[in-house]
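# Observations on the three-dimensional arrangement
Each chain, letter by letter, is given below.
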Amino acid sequence: MLTWADSTALVVALYALAGITAIVLGIAERRSGSATDQRFWPVFWFTTAALLLSMAVARASNLSELLADIGRDQARSEGWYETRRSLQAGVIVMVTLVWAITVTVAVWRVPERRRRYLPTAIAVFTLVCFFGIRLISLHQVDAVLHDRTVSGGTIGALVEIWLLLSIVVVSAWRFPRSDVERTDVHAERHVETGAGGRVGH
């Protein structure tokens, strides 16, 4: 049974784990001695960590539900509550299109030296878009994400957990690869230094 999937504590812990993983990778790249090599981009990991940890705080404090309640109250006070669903549906379609276009352009246009970060970037961006769609709180979407279950776990919770685990896995996969790339970089520099020394002689 997957009833444990709806545990807020579990989801928050996964956000924290993903954030800490990004911090560790950022520190590892910064200490690698390859700061001048454009294939390494520790700022990406630190920015990702800040985003994920902020989302962890939001999930722990139920900020998304609070914002949704504020939005509903504003809709009622401004008189467009009864027609809100068409607006919500339009925003969800827009978010979906932005996701599809952004991912397509990223896969097509990201330069080779940055492609090592692409799997994590896509997974994090997908999580952010999913977070936004849940925040919009369209009734039909909520009925699928919050009311329908798979082996006791709601679909929304299972999707969120899957995305978070994907972020951790594709990020952690960079540890051994980074070591190999750092070795290659140092080897290339050693060869270049040696060649320069021979030219000087």
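Residues numbered from 1 in each chain as written. Predicted model: local features only at pLDDT ≥ 70, side-chain atom pairs only at ≥ 80, totals over all residues. Heavy atoms only, no water.

## Overview of the confidence of the model for the chain
Here the chain averages 84 in pLDDT, while 83% of its residues score no lower than 70. This stretch, residues 176-180, has a pLDDT under 50; its non-local contacts, to residues over four places away or in other chains, come to two contacts. The low-confidence segment residues 182-201, where pLDDT is below 50, has 16 contacts with residues more than four positions distant or belonging to other chains. (pLDDT = per-residue confidence, 0-100. Contact = heavy atoms within 4.5 Å.)

## A word on the packing of helix α5 (residues 118-136) against helix α6 (residues 139-147)
Contact geometry of α5 with α6 gives a least axis separation of 9 Å together with a crossing angle of 115 degrees. As summarised for this structure, α5 and α6 are arranged roughly perpendicular, according to the angle between their axes. Note on packing geometry: the crossing formed by α5 with α6 is left-handed. Along the contact surface, α5 presents Phe 130, Ile 133 and Arg 134, while α6 presents Val 141, Asp 142, Leu 145 and His 146. Of the residues contributing to the contact of α5 with α6, the split by class is four nonpolar, one polar and two charged. (Axes fitted to C-alpha atoms, helices over the stretch in contact; angles between N-to-C directions. Helix = DSSP H or I, 4+ residues; strand = E, 2+ residues; numbered from the N terminus. Parallel < 35°, antiparallel > 145°, perpendicular 65-115°, else oblique. Left-handed = near helix turned anticlockwise from the far one by under 90°. Nonpolar A, V, L, I, M, F, W, Y, C, P; charged D, E, K, R; others polar.)

## Notes on the side chain of Arg 59
Looking at the element boundaries, Arg 59 is found in helix α2 (residues 42-60). For Arg 59, a relative accessible area of 13% translates into the label buried. Leaving out residues up to four positions away in the same chain, Arg 59 has contacts with Thr 8, Val 11, Val 12, Tyr 15, Phe 131 and Glu 160. (Buried < 20%, exposed > 50% of the residue type's maximum accessible area, 1.4 Å probe, protein only.)

## What to know about the packing of aromatic side chains
Counting across every chain of the model gives five aromatic pairs. When the ring of Phe 44 is compared with that of Trp 45, the centres are 5.0 Å apart and the planes differ by 75 degrees; the resulting orientation is edge-to-face. In this pair, the class of Phe 44 matches that of Trp 45, namely buried. Here Phe 44 and Tyr 117 contribute two aromatic rings whose centre-to-centre distance is 5.1 Å and whose plane-to-plane angle is 55 degrees, an arrangement assigned as tilted. Of the two residues, Phe 44 sits in helix α2 while Tyr 117 sits in the loop between α4 (84-109) and α5, which places them 73 residues apart along the sequence. (Phe/Tyr/Trp six-rings, centres within 6.5 Å; stacked < 30°, edge-to-face > 60°.)

## Some words on the nonpolar core
Among the nonpolar cores identified, the biggest contains 27 residues, and Tyr 15, Leu 52, Ile 92, Leu 127, Val 141, Leu 164 and Ile 167 are the most heavily contacted of them. Sorting the residues of this core by element identifies α1 (8-30), α2, α5, α6 and α7 (155-172) as the ones contributing at least two each. Among the elements that take part in this core, α5 stands out by supplying seven residues, more than any other. Once residues within four sequence positions are removed from consideration, Leu 164 is found in contact with Val 11, Leu 14, Tyr 15 and Leu 127. In terms of nonpolar packing, the next biggest core, distinct from the first, is built from seven residues, Phe 40, Phe 44, Ala 49 and Tyr 117 among them. (Core = buried A, V, L, I, M, F, W, Y, C linked by side-chain atoms within 4.5 Å.)

## Let's talk about helix α3 (residues 63-78)
Compared with the 22 Å implied by 1.5 Å per residue over 16 residues, the 22 Å span of α3 between its first and last C-alpha is a close match. Gly 79, located one to two residues past α3, shows a positive phi value of around 85 degrees. (Expected span 1.5 Å × (residues − 1).)

## Some words on unusual backbone geometry
In terms of backbone geometry, most residues other than glycine have negative phi values and most peptide bonds are trans. The phi angle at Asn 62 is positive, at roughly 55 degrees, despite the residue not being glycine. Residue placement: Asn 62 occurs in the loop between α2 and α3. Of note in this structure, Ser 151 is not a glycine but carries a positive phi near 55 degrees. Structurally, Ser 151 is set in the loop between β1 (149-150) and β2 (153-154).

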